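Residue-level listing of the chains:
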Amino acid sequence: MQTILIIDDHPLFRAAVRDIIGRLFAAKGWDANYREASSFREAFDHATAAPDLDLVTLDIYLPDSNDLSSLLRFRAKLPATPIVVISAIEERETMMRAMLCGAVGFIPKASSMEAMIEGLQMILGGGVYLPPGTAPNRRDGDHPPGETLTPRQAAVLEKLVEGKSNKQIARELAISDMTVKAHVTAILRSLGVETRAQAIVAVRGEGFAARQPTEP
């Protein structure tokens, strides 16, 4: 039995995603158990109660979260679970940052049904998916282009976004100050920035919420 968590604040869209995944699973002869959430807090409660999730679909624009910090928290919480972002956002920069932060795929909500099915098929097959023209799509567990963050680095970046100092991060994650510094250096390199402040802006997205298209 595969357990899937679908996170989106629109009930009709959650139903559509559930239907698509259901069709794909039926074709493979798999049974599925669905959990749904309309907010980050609700979704994180599900992840805490059922850490053995097999797939998470995440809209990063939620009522209580409108940046990549939600993805970072899920990546740190569920290091072995594939997380695919399904969002109204279509900016290439955001898509690539989502992949760096640990997503295995990014599917725009404006995609056709066929494109969504293709993307989810690729992800369920162990691959990585981005919309055509964004970057080469990979199969068989290949990593996305660039240096992706490890689950521990994602946890450190999450703490950076929260405004925590190196000492606070070290204490909360039970690691040394030197280890935190090493992770921060790797994070800055992966995001292509030079300072902690720039890393925070990269995750939050300058003007991110204001640029979102209005969803029905």
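So, here is what we can say about the structure in this document. (Residues numbered from 1 in each chain as written. Predicted model: local features only at pLDDT ≥ 70, side-chain atom pairs only at ≥ 80, totals over all residues. Heavy atoms only, no water.)

On to the packing of aromatic side chains. Taken as a whole and assessed by the stated rule, the structure comprises 4 aromatic pairs. A centroid spacing of 5.6 Å and a plane angle of 85° characterise the contact between Phe40 and Phe74, whose relative ring orientation is edge-to-face. Within this pair, whereas Phe40 is found in helix H2 (residues 40–49), its partner Phe74 is found in helix H3 (residues 69–77), the two being separated by 34 residues in sequence. Judged by its relative accessible area of 0%, Phe74 falls in the buried class. A ring pair is formed by Phe44 and Phe74, whose centres lie 5.8 Å apart and whose planes are at 70°; its orientation type is edge-to-face. Residue Phe44 is located in helix H2, and its partner Phe74 is located in helix H3; the two are separated by 30 residues in the primary sequence. One exposure class covers both Phe44 and Phe74, and it is buried. Taken together, the ring pairs connect Phe40, Phe44 and Phe74 into an aromatic cluster. Here the guanidinium or amino end of Arg73 rests over the ring plane of Phe44, the centre of that ring lying 4.3 Å away. A cation over a ring is seen here: Lys109 above Phe13, with NZ or CZ 4.6 Å from the ring centre. (Phe/Tyr/Trp six-rings, centres within 6.5 Å; stacked < 30°, edge-to-face > 60°. Helix = DSSP H or I, 4+ residues; strand = E, 2+ residues; numbered from the N terminus. Buried < 20%, exposed > 50% of the residue type's maximum accessible area, 1.4 Å probe, protein only. Lys NZ or Arg CZ within 6 Å of the ring centre and 35° of its normal.)

To continue, consider helix H6 (residues 151–161). Along H6, 9 of the 11 residues are buried, which leaves the element largely enclosed by surrounding structure. Every buried residue of H6 is listed here: Gln153, Ala154, Ala155, Val156, Leu157, Glu158, Lys159, Leu160 and Val161. Once H6 ends, the next one or two residues include Gly163, with phi positive near 85°.

Overall, parallel pairing links the 5 strands, which are arranged E2-E1-E3-E4-E5 in an open sheet. What marks the edges here is a single partner per strand, and that holds for strand E2 (32–37) and strand E5 (105–108). This sheet shows a mean twist of 20° between the axes of neighbouring strands, independent of strand direction. Relative to the sheet, H3 contacts strand E1 (2–7), strand E3 (55–58) and strand E4 (83–87), its axis offset from that of E4 by approximately 160°. (Pairing = 2+ DSSP bridges. Axes fitted to C-alpha atoms, helices over the stretch in contact; angles between N-to-C directions. Contact = heavy atoms within 4.5 Å.)

Note on backbone geometry: most residues besides glycine have negative phi, and most peptide bonds are trans. Phi is positive for Ala174, close to 60°, though the residue is something other than glycine. On the accessibility criterion, Ala174 (68% relative accessible area) is exposed.

Attention now moves to the side chain of Thr3. Here Thr3 shows up in strand E1. For Thr3, a relative accessible area of 12% gives the class buried. If we ignore the near neighbours within four places in the chain, the residues touching Thr3 are Asn33, Arg35, Leu53, Asp54 and Leu55.

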